[in-house]
Every structure is written in C-alpha cells, then in structure tokens.
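Okay, here's what each chain looks like letter by letter:
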Amino acid sequence: MKVPVLGISAYFHDSSASLIIDDQIIASAEEERFSRKKHDNRFPKRAIDFCLSAGGLMPADVPLIAFYEKPYLKCDRILKTLRDGFPFTFRQFQKSLRSFPKKDLRIDDDLKRHFGINKSTIRYVPHHFSHAAGAFWTSGFKDSAILTIDGVGEFATATVSQGIASRIVPLLEMKFPESIGLLYSVFTAFCGFQINEGEYKLMGMSSYGSPKWKEKIYRMVQIFDDGSIHIDKSFINYHLDPTKPFTRKFIKVFGLPRLESTDFNLENNSEDQRFADIASSIQDVVEEIVLKMAVHAKKVAKSENLCLSGGVALNGKANDRIRREAGFTNLFVQPAAGDSGTSLGAALALKMTLEDPESSKSAWIGKSYNPYSGYQNDSEDVASFFKLHEPRSQKFLKYPDLVGAVAQRLADGQVGGWVRGRAEFGPRALGNRSILANPSRSKMKDIVNEKVKFRELFRPFAPSALDFFAEQAFEIGPLQLNDPLEFMLQVVKVRPNYRKKLAAITHVDGTARLQVVTRKRNSEYYELIHAFGKLTGTYCLLNTSFNLKGEPIVNTHLDAYKTYLECGLDFLVCENTMIWK
Amino acid sequence: MKRKVYNWLVGEKKQNTKKIGFKTFVFVAELLVYFIFVRGKISVAKKSDNYNIPYSKFDKVSPLAWQVTRELR
C-alpha cells in the first residue's frame, strides 16, 4: 500500500526523523545535524522539516506518524525504579516528575504546535521493536534472528526476535536494570568519559590494556549460558541516579575513577594503565555476553542470518567476534544502530502493519540498504557562496578533474574535508561528510588529532579501502549483501605486512575499524580512493568524521566552511568546488 | 527564615523570596506524593529476584507486547 509514513525518535538522546513512501526510504536524518547540538534530544523539528521537503510533502499529507517508543510504559519503568530505590531516589523522583510533562509525554503537543498535525495520526511502537524493525527490514534478508541490545527502552534492555518476510515475532527479552548497555556505560563513566557519548572511546582505550580485571567484573556480573546477565546492584547506581553511576563498593574494588578532564598518557601516568586494563576487561566481558546471546538467538530463532541493532551493536570489536564465532552465515548491523535509527525502525514497523503478516513476500527482501539518506547541498549554491567568500576557490566541471586534484593533495600529505552527496544517517562518516588523509604517513594520526580534530590522542582513525585492496591488506572474507564492513561496523585485523604501510590507521593492537568501499555502494568515493591509489599504490584513505571534538558531523556547506576555518584543514571540497589555505 | 528553611530543604540559594513559599509548598507536596507512591516498596522488595536468581534473565515475550498502538501505553 502506498502510504507515506513518518518516523520520529525524540526526548532521550539523538532525536531523528525518517520518511518512507512506497517501500522507499526517502529521507532519514538526525536533529543534531541541523541544530548543531551534539546528541540533541529535543523534538526533531528541523529533521522532520527536511524529511517532508525531501518527500515533497506538507505535514497534512502524512496520514501516519510512528513514535519510537511507548512513553507511558517508559514513565512507568522510571517511577517503579525510583520507588524501588526509596528513600535515596527522592531527588531523581522530583526531576522525573517535572520532566515527564515537558518531554516524554508531549510528542502529540509538539506535533500539533510545530506542524498542526492531529494526534490521531500518531502510533506508538515499542522501543525494541523499532530497533528490530530498523535492522531486519533494511538487511535484505528473507528470514533472520534479530538481536537488539541497548541501555534501556521501556522495560526491555535486550531482545531476541525472529524476522520472517513481512513480520517480526518477539521471542525473548531481558528487562531493566539487567542491561549490557548500562553496564558498559558505568565503566565508560568510571574511565572518565561521558555516558552515551564516550562508549566508543572506551572501546578504543581497551586496546591499550590487558583484561586483568575480568575476575573482579565477574564478581559483579553473573553471566548465564544464554547470554542474559544478572548485575549485583550493590556495585552500580546508574538505574537509580544517572549522575552517580557506580557505588562506593565499586570504587573499593576498582579504585578511584578517572577524572574527565585528564589526558590519557600511558608513558607518564601509571594510573592510566589501570584504566586501560579495566577498559580491556569490560570489553572482553561484553564481547563474551553478546556472543553468548547471539549463539542463543540462533538456537531459538532458527535462522542462518542475524540482524543486530541497539547501541551495543555499534561495538565493532564485539561484532567481529559474533561474525567469526557465532556460526551465522550472514550478519547485518543497522548503521544507525543507536537511538537515532529508531525513527527509521518505527516507520518501518508501522508501515509493515499495513501489509499481510502471513505473506512470504516483502518488498525489502534482497534490497541493498542505502545509508546516504540525509541532507544534500545544492552545488550551484555552494559554488556561488565560495566564489563570494573565498579568494582561492575552484569549481570543477568534470568529476575526474576534481578527484585528480584532491588525490594529488592527499598524496602530498595534506588533510582535507570532503562534503559530497547526501549525508550519512548514523554516527559513522562513510565518505560523504569526511575528513580525509594519507594513511601511509606514520605521523598523520598525530597531525589529524592535534591540528584538525583536537581530540584524544589515543583514539584510532578508520580506513576506507577499496574492495580489492581490503582483501589484501586486512583479514576479511568475501563481502555479503549489506556487509557490516561496508558501514564501518566491524573491527578487523590489519595483515602484519601492511601495518607499517598503513601506520596512521593501524591501532596499537594491529586492528582497524575498516570501511570497505565498493563501486556499487558509493561510486564517487570509490573514484576518489582509486585516483589516490593510482598515485601512491595504496587504495585506502584515512577517513574520520567531518567534525571537531564535541560537535556533530557537518551537514551543510556552511557548517563545513565554519569547521574548515576553525581547524588546520589544508583544503575543503564541497560538491564540485574546492577551496584551500 | 522562609529562605533558610527552603535552602535547607531544597539546597538551592534562590534570590526571589516571593516564590519561596510556593516552591516550598510544591516541594512538600512532592515529598507527600513520593511517600504515598513508595508504599508498595516493601512488598516489591520481598518479591525481588535478588533473593532467588534463576538460571536465565530472559523472559518469553507475548507478540501482543509488540503491538503498534494508538495509545501512549
């Protein structure tokens, strides 16, 4: 049935909107890209505006709107948790009581106020169903086991379900406060990073340590054979008060926490080795849990395919272990696996309720997922803007000329910003909103970190490699449909003979969070890397998201230009125009 | 005096004394709601699975639980 469906995710973190028409994902975008506030959790007015204009629709033209969770159930869970924590939860109770009417329960008011949309058009989709739908119906699989793992939804923190063509059947769920996502977040806060922001930093830090603290973690977490867990609540406090995630007992066992502002330096600070070891230990434990869950999901859902979603699915190291050890033939990880992706999932879930649930056909089977569904700049606007504001700008009429010029600069060791086509949906820059550099130069990592990104020096950079080169340089197998490697969602080993050659992207443990670029997925980016490879023999680029520390990834040419002026980028390409310093 | 009581209760130093009376009232009301709300706490604690940990924390889910509905719940 041809009905436009708008999906919305809001009020927790990473608000977003998605629009589906006629079995096509027309647009998906995070609010932060427009509002320029990282992890923006407000009502996604700008993202909805963008989606509607991409679909050529007015608000009144959308008969169905899907919201990514059930707000009352979520409030119910929060209140029950606060009740259980009596009497130490009063402050949190006060905060929640005041925030419910302002945030969680006002989606219909906000839609009415901003777009004049009546609340009768809204449908509420359970949080983990949104995750599961977002993964399964974009995977291209006909049937699949679906595993969703995140901090918490309404009550569920992890679910196993079975996807068959046009329906998803929930099978198992683990409930709050037993949560793998929150467990990882507790250690994220302990190691001095922000919850819901620093989890991938913890994963990067884990490579510097050894898992010496695992036994102590096992004292606080009991892991069952099916991957479900029981956390000893005397160690954690996150479920009662997010501002104090761990207890005194936790500190007694693991020592004092790391201060957020301190630099991570293993040479001058022996304390940092302790944090690296703890990070390595919790990473190992989480991998073990997720792997057990995946194996159990295979058993109960009886499928050779696995779809993964939820914030924990962004853990590339765990994904690699699942792929190698869980025994599935195919794995799909939703590129926007965090809460931003739930707007797409909710829209898909609602859309599929209009289909026949018993049908063995679905329009989504065998489809290639396109993560480039965000905002696109108008190339004429960009050219005229830079002509006016930049004395050194050049508009290229032919794409090969642009690619040749950029490849030459990168081969010479320059660092450039690259903004072309539609923005990516999800936290990874996949070659349309990227900072690019030569991965062969050993000092390039420090140059990009210090002059351009201003971020922590220990964090690695990711490579984008062409398919044929990736097989030579990295320990990977053949690509499948919608392979996680195409979306930078799997950490793999760099082959030993390439580690020096790709020094800037090889992490301390010899791994890299690889993006394999195929001509079919992104032909323009493919051409660029190919031109660079022709000059250097390395068909691979250092690719990091185009943003500064603490800012969202750039969206428009104006955001890109502002970032370019504020950091040490040597040149910037927006659509067909290049400017340089 | 009002401000002292308020600061002691709420822990914030507010300069606007006119609102203190109202805010104290809201605070006491919230405290009351909280106490009424937590009445069931003891019975919940007794049922808590902390005392009886099973071999799995996975529960079976009814397909009805994943229905897309018009209601907020």
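Residues numbered from 1 in each chain as written. Chains lettered and ligands numbered in written order. Predicted model: local features only at pLDDT ≥ 70, side-chain atom pairs only at ≥ 80, totals over all residues. Heavy atoms only, no water.

Now, about the overall build of chain B: what can you tell me, with residues and values included?
The helix and strand inventory of chain B stands at 3 helices and 1 strand. Counting all 73 residues of chain B, 22% fall into the buried class. (Helix = DSSP H or I, 4+ residues; strand = E, 2+ residues; numbered from the N terminus. Buried < 20%, exposed > 50% of the residue type's maximum accessible area, 1.4 Å probe, protein only.)

For the packing of aromatic side chains, give the residues involved together with the corresponding values.
Residue and element names in this part refer to chain A. Per the stated rule, a full pass over the model turns up 31 aromatic pairs over all chains. Both rings, one in Tyr369 and one in Phe487, keep their centres 6.1 Å apart while their planes meet at 70°; by these two values the pair is edge-to-face. Of the two residues, Tyr369 sits in the loop between helix 13 (342-353) and helix 14 (379-389) while Phe487 sits in the loop between helix 17 (467-473) and strand 17 (491-493), which places them 118 residues apart along the sequence. According to the relative accessible area criterion, Tyr369 is buried, its value standing at 3%. We classify Phe487 as buried; its relative accessible area is 0%. On the numbers, 6.4 Å between centres and 50° between planes, the contact of Phe469 with Tyr539 is tilted. (Phe/Tyr/Trp six-rings, centres within 6.5 Å; stacked < 30°, edge-to-face > 60°.)

Report on the side chain of His557(A), specifying residues and quantitative values.
In this fold, His557(A) is placed in helix 19 (residues 557-566). Apart from residues lying up to four places away in sequence, His557(A) is in contact with Asn377(A), Val382(A), Phe385(A), Phe386(A) and Cys574(A). (Contact = heavy atoms within 4.5 Å.)

Which residues make up the sheet that holds strand 11 (residues 305-309) of chain A, and what values do they have?
Pairing in this open sheet of 6 strands is mixed, and the strands run 12(A)-11(A)-6(A)-7(A)-8(A)-1(B) from one edge to the other. Two strands lie at the open edges of the sheet, namely strand 12 (330-333) of chain A together with strand 1 (58-60) of chain B, each paired on one side alone. Averaged over all pairs of adjacent strands, the angle between their axes in this sheet comes to 25°, without regard to strand direction. In the packing of helix 11 (residues 270-301) of chain A onto the sheet, contacts are made with strand 6 (143-149), strand 7 (156-164), strand 8 (167-175) and strand 11 of chain A together with strand 1 of chain B, and the angle to strand 6 of chain A comes to roughly 145°. (Pairing = 2+ DSSP bridges. Axes fitted to C-alpha atoms, helices over the stretch in contact; angles between N-to-C directions.)

Account for the confidence of the model for chain B, naming residues and giving values.
Residue and element names in this part refer to chain B. A residue-level look at chain B finds 53% of positions with pLDDT of 70 or above and a mean pLDDT of 71. Within chain B, strand 1 carries the highest mean pLDDT (90), whereas helix 3 (residues 41-47) carries the lowest (50). If you check the scores for this complex, the pTM reads 0.91 and the ipTM reads 0.81. (pLDDT = per-residue confidence, 0-100.)

I'd like a rundown of the environment of Leu542(A), residues and numbers included.
Residues and elements named next belong to chain A. For Leu542, the location among the structural elements is in strand 20 (residues 540-545). Judged by relative accessible area, which is 0%, Leu542 ranks as buried. The spacing of Leu542 and Lys445 is 97 residues in sequence and 8.8 Å in space, taken between C-alpha atoms. Discounting chain neighbours no more than four positions away, the residues touching Leu542 are Ile435, Leu436, Ala437, Pro439, Met444, Phe461, Ala462, Ala504 and Ile505.

Which residues make up empty space enclosed by the protein, and what are the values?
All names here are of chain A. Under the criterion given, the structure shown has 1 cavity of 30 Å³ or more. The computed volume of the largest cavity comes to approximately 40 Å³. Lining the largest cavity are Pro335, Pro371, Glu424, Phe425, Gly426, Pro427, Arg428, Leu430 and Phe487. Per-class residue counts for the lining of the largest cavity are 6 nonpolar, 1 polar and 2 charged. (1 Å grid on protein atoms, 1.4 Å probe; cavity = no way out; pocket = protein on both sides within 12 Å on 5 of 7 lines; lining within 4 Å. Points joined across faces, edges and corners; volume = space filled by probe spheres on them. Nonpolar A, V, L, I, M, F, W, Y, C, P; charged D, E, K, R; others polar.)

Talk me through the interface of chain A and chain B; I want residue IDs and the actual numbers.
Between chain A and chain B, the contact holds 51 residues from the first and 36 residues from the second. Approximately 3,900 Å² of surface area, both sides summed, lies buried where chain A meets chain B, with 67% of it carried by carbon and sulfur atoms. Together, Arg83(A), Phe86(A) and Pro170(A) form the three largest contributors to the area buried by chain A at its contact with chain B, with a combined 17%. If you look at where chain A meets chain B, you find 3 salt bridges. When the shortest N-O distance is used, the salt bridge between Arg98(A) and Glu30(B) registers 2.9 Å. Between chain A and chain B we count 10 residue pairs in polar contact (both at pLDDT 80 or more) in total. Of the residues forming the side of chain A that touches chain B, the biggest block, 9 residues, is contributed by helix 3 (residues 71-84) of chain A. Here the side of chain A that touches chain B is built from residues that sort into 27 nonpolar, 11 polar and 13 charged. (Buried area = accessible area lost by both parts, 1.4 Å probe. Salt bridge = Lys/Arg side-chain N within 4 Å of Asp/Glu carboxyl O. Polar contact = N/O pair within 3.5 Å; in protein donor to acceptor, adjacent residues only side chain to side chain.)

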